[in-house]
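Given next are the chains, with one letter for each unit.
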Amino acid sequence: MNIQSALTMGARILKDKLISNPYLDSEILLAKVINKNREYVVLNSKKTINKKDFQSFERLIKKRSLRKPIAYLINKKFFWKSEFYVTKDTLIPRPDTEILIETVLKLSRFKKKLQILDIGIGSGCILLSILKEKRNFYGTGIDISKNCLNISRINAINHNVQDRLKLFKTNVDKFNYGKYDIIISNPPYINKFKIKYLEKDVANFEPNLALNGGIDGLSEIRKVIKKSSELIKTNGKLVLEIGFDQKNKVVNLLKKKGFYINKTIKDLANNDRCIVCTKI
Ligand code: GLN
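Residues numbered from 1 in each chain as written. Predicted model: local features only at pLDDT ≥ 70, side-chain atom pairs only at ≥ 80, totals over all residues. Heavy atoms only, no water.

Q: Describe the site of the ligand, and please don't skip the residues or the numbers.
A: Around the ligand, the neighbouring residues are Leu 91, Arg 94, Asn 186, Pro 187, Pro 188, Tyr 189, Ile 190, Val 202, Ala 210, Leu 211 and Glu 241. For the ligand, a nitrogen atom lies 2.8 Å from a polar atom in the side chain of Asn 186. In this structure, Ala 210 approaches the ligand through a main-chain N or O atom, which is 3.4 Å from an oxygen atom. In the complex, the protein chains occlude 85% of the 300 Å² of accessible area that the ligand would expose alone. Each residue belonging to the shell around the ligand can be placed in one class, and the counts come to 8 nonpolar, 1 polar and 2 charged. (Near = heavy atom within 4 Å. Polar contact = N/O pair within 3.5 Å; in protein donor to acceptor, adjacent residues only side chain to side chain. Areas by Shrake-Rupley, 256 points an atom, 1.4 Å probe, with all protein chains shown as cover. Nonpolar A, V, L, I, M, F, W, Y, C, P; charged D, E, K, R; others polar.)

Q: Please set out the sheet that holds strand E8 (residues 259-266) residue by residue, giving values where relevant.
A: Read from one edge to the other, the open sheet built from 7 strands follows the order E5-E4-E3-E6-E7-E9-E8, with strand pairing classed as mixed. The open sheet has two edge strands with one neighbour each: strand E5 (165-169) and E8. Along the sheet, successive strands turn relative to each other by an average axial angle of 15°, direction set aside. When strand E3 (residues 115-119) meets strand E6 (residues 180-185), the two strands line up parallel, connected through 4 bridges. Counterpart to Ile 119 in the pairing with E6 is Ser 185. (Pairing = 2+ DSSP bridges. Helix = DSSP H or I, 4+ residues; strand = E, 2+ residues; numbered from the N terminus. Axes fitted to C-alpha atoms, helices over the stretch in contact; angles between N-to-C directions.)

Q: Break down the pattern of salt bridges for me, citing the residues and quoting the values.
A: Side-chain pairs of opposite charge can arise where the charged atoms are in close proximity. This structure, assessed with the given rule, holds 13 salt bridges. Between Asp 201 and Arg 67 there is a salt bridge, with the nearest N and O atoms lying 3.4 Å from each other. Placement of Asp 201 in helix H9 (residues 200-203) and of Arg 67 in the loop between helix H4 (51-65) and helix H5 (70-74) is noted, with a sequence separation of 134 residues between them. When its relative accessible area of 11% is taken as the criterion, Asp 201 is described as buried. Here Arg 67 falls in the partly exposed class, since its relative accessible area comes to 23%. Taking the shortest distance from any N to any O, the salt bridge between Lys 227 and Glu 230 comes out at 3.0 Å. Placement of both Lys 227 and Glu 230 in helix H11 (residues 219-231) is noted, with a separation of 3 residues, approximately one turn of the helix. Taking the relative accessible area as the measure of exposure, Glu 230 reaches 30% and is therefore partly exposed. Through salt bridges with shared partners, a single ionic network connects Asp 25, Arg 64, Arg 67 and Asp 201. (Salt bridge = Lys/Arg side-chain N within 4 Å of Asp/Glu carboxyl O. Buried < 20%, exposed > 50% of the residue type's maximum accessible area, 1.4 Å probe, protein only.)

Q: Any details on the packing of aromatic side chains? Residues and values, ideally.
A: The description of two aromatic rings rests on the distance between their centres and on the angle between their planes. Applying the stated criterion across every chain yields a total of 5 aromatic pairs. Judged by centre distance (6.2 Å) and plane angle (75°), the rings of Phe 79 and Phe 84 are edge-to-face. Under the relative-accessibility criterion, Phe 79 is labelled buried at 0%. Taken together, a centroid distance of 5.3 Å and an interplanar angle of 55° make the contact between Phe 168 and Phe 175 tilted. The buried category is assigned to Phe 175, whose relative accessible area is 4%. (Phe/Tyr/Trp six-rings, centres within 6.5 Å; stacked < 30°, edge-to-face > 60°.)

Q: Describe helix H7 (residues 125-133), naming the residues involved and giving the relevant values.
A: The buried fraction of H7 is high, at 7 of 9 residues. Within H7 the residues assigned to the buried category are Cys 125, Ile 126, Leu 127, Leu 128, Ser 129, Ile 130 and Leu 131.

Q: Could you give me a rundown of the nonpolar core, with the residues and numbers involved?
A: One finds Leu 117, Ile 183, Ile 221, Ile 225, Val 250 and Leu 254 to be the most contacted residues of the largest nonpolar core, which totals 29 residues. Contributing elements (two or more residues each) for this core: E3, E6, H11, strand E7 (232-241), helix H12 (247-256), E8 and strand E9 (272-279). Apart from the residues lying within four places of it in its own chain, the contact partners of Ile 225 are Leu 240, Val 250, Leu 253, Leu 254, Lys 257 and Phe 259. Counting residues in hydrophobic clusters, the runner-up holds 28 residues, among them Ile 121, Ile 126, Leu 131 and Ala 156. (Core = buried A, V, L, I, M, F, W, Y, C linked by side-chain atoms within 4.5 Å. Contact = heavy atoms within 4.5 Å.)

If you want it as structure tokens, here you go:
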């Protein structure tokens, strides 16, 4: 079997199952199996692949046809300017979340040395992207998931920022270490009864721990705001990702805890996605 026929076969199976980018996914999975990049696969369509590789490819196609996300099948996802190691324990980094990076970079443009806290660090994609951009910034990441902390440590090492990163396995309520110039968080904010209506790729495969925001979607956001109000320096900034319909409620929660709202920012689909506020 040559690469071309394997690709076509894979893509056909995915297309029948209504996967949105069947040919692209087929290329990515075949590249993974033969340990090459996508360019190689595209440019070497006449090369043959051996039986063992073909069988591994078929297994991956099967998993993808059951809607397991590509990022979990290849254990990586590109975010901001680099690639992150991900497993089923972490949320898959989203393009919309890059807004948080842009925002932090803008508001810290003239700052030399800052302490940043990431509440619910997950794969580390947010905090590590910032540390990579700003060589004098120091990061602290907390997460309740040990596996996430291990993954963010691996990513920190891969991106060579591990010397400027501290990690703690803790509940947000119990954490009481340090004072921060900037606090960032992409907490779980989906109403727990609505998770099942998300795309199957998300609902069936991404960690509930990273999605489930309780009965009103705000239970973790409340904890993040409370903790931030305690650990943030005066004039420090909180940059928070929120659900598309949470702006007004979150603004009220923030005001009650002594934050001044600087702005809300929309995502690529024009939904409110990020709130920037200052502790006064
Ligand atoms: N943005 C994610 C989604 O739409 C949710 C992430 C979160 O709860 N923090 O699936």
